[in-house]
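Commentary on secondary and tertiary structure
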Amino acid sequence: MKIFLDTAETDVVRKHFKTGLIDGLTTNPSLIRKSGRKHEEVYQEFKDIGLNDISMEVIGNTENMISEGKRLSKKFGKVATIKVPCTVDGLLACKELAENNIRVNVTLIFSPDQAILAAKAGAAYVSPFVGRVDDNSFGGLCLIKDIANVYAKQNWTSTEILAASIRNVRDVGRAFEYGANICTIPTKV
Ligand code: E4P
């Protein structure tokens, strides 16, 4: 039952990290852009704060994601989790990175089928987007439950469910109840 922060605000993270309750962190290109800083500078500061699991999103085609993922992993070491989208390019990149012992977070998961493909591609984490699924009038928390059921029925333990796009406190408790292993939470929540 791990709690990650979903942010690129280093000052806020420093404050919350002191509680001893924070197990990791996720970022994305929009959050980095909002911080007004360079992504690697932000990752370095998070590493210096003491975070040992930082999701760093890569973009582009399969080759771009693989080369950037390997570079970030080399630069930041074991704290780097490479985050790729659940697209064909992203899944191919996931497979290659995972085969090189790089932890991969497959993001933008909207169905159990995507979670199955990501698991097969070697993902350490899948990130179902609870809030965005709710925005589109189907159940974000049900998605967590459905993925957890599939993994449990198949005795699949090598991929953890990281509930993302969390918009309120109630969803955090429910996501854990329904089988999420990790919730990544915006600091305001
Ligand atoms: C997760 O890793 C994403 O960064 C994040 O949860 C997306 O949330 P949003 O739907 O609020 O953009």
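Everything below is about the structure shown above.
Described in the following lines is the structure provided in the data block. (Residues numbered from 1 in each chain as written. Predicted model: local features only at pLDDT ≥ 70, side-chain atom pairs only at ≥ 80, totals over all residues. Heavy atoms only, no water.)

**Structural notes on the pairing of strand β7 (residues 160-163)**
Applied cut-off: Should DSSP find at least two bridges between two strands, the strands are taken to pair. The numbering of helices and of strands both runs from the N terminus, where a helix is a DSSP run of H or I of at least 4 residues and a strand a run of E of at least 2. Handedness of a crossover: with both strands directed away from the viewer, a clockwise path from the first strand across the helix to the second marks it as right-handed.
Two elements, strand β6 (residues 125-128) and β7, share 2 bridges in a ladder whose sense is parallel. Within β7, the residue paired with Val126 across the bridge is Ile161. Where β7 lies against strand β8 (residues 182-185), 2 bridges are found, and the strand directions are parallel. What sits directly across from Leu162, in β8, is Ile182. Following the backbone out of β7, through helix α9 (residues 169-177) and into the adjacent parallel β8, one traces a crossover that is right-handed.

**Some thoughts on the packing of helix α4 (residues 62-76) against helix α5 (residues 88-99)**
This is how the line gets drawn: Between the N-to-C directions of two axes lies an angle of 0 to 180 degrees, each axis being a line fitted to C-alpha atoms and, for a helix, fitted only over the stretch in contact. Take the far helix as the reference: if the near one is turned anticlockwise from it by less than a right angle, the crossing is left-handed, and if turned clockwise, right-handed. By the convention used here, residues are in contact when the closest approach between their heavy atoms is within 4.5 Å. Lys, Arg, Asp and Glu make up the charged group, whereas Ala, Val, Leu, Ile, Met, Phe, Trp, Tyr, Cys and Pro make up the nonpolar group; the residues left over, Gly among them, are polar.
Running from N to C, α4 and α5 point in directions that differ by 35°, and their axes come no closer than 8 Å. Of the two possible hands of crossing, α4 and α5 adopt the one that is right-handed. Contacts from Thr62, Met65, Ile66, Gly69 and Lys70 in α4 reach Asp89, Gly90, Leu92, Ala93, Glu96 and Leu97 in α5. Of the residues in the contact of α4 with α5, the class split is 5 nonpolar, 3 polar and 3 charged.

**Digging into the sheet that holds β8**
Hydrogen bonding along the main chain pairs the strands of a sheet, whether they run parallel or antiparallel. A barrel is described by the order of its strands in space; here 8 strands give the closed sequence β1-β2-β3-β4-β5-β6-β7-β8, paired in parallel fashion. Across this sheet, the average inter-strand angle for adjacent strands is 30°, counted without regard to direction. Alignment of strand β1 (residues 2-6) against strand β2 (residues 24-26), held across 3 bridges, turns out to be parallel. If you follow Phe4 over to β2, its bridge partner there is Gly24. α5 rests against β4 (80-85) and β5 (104-109) of the sheet, and its axis sits at about 155° to β4. Strand contacts of helix α6 (residues 112-120): β5 and β6, with the helix running at about 165° to β5, the strand carrying the most contacts.

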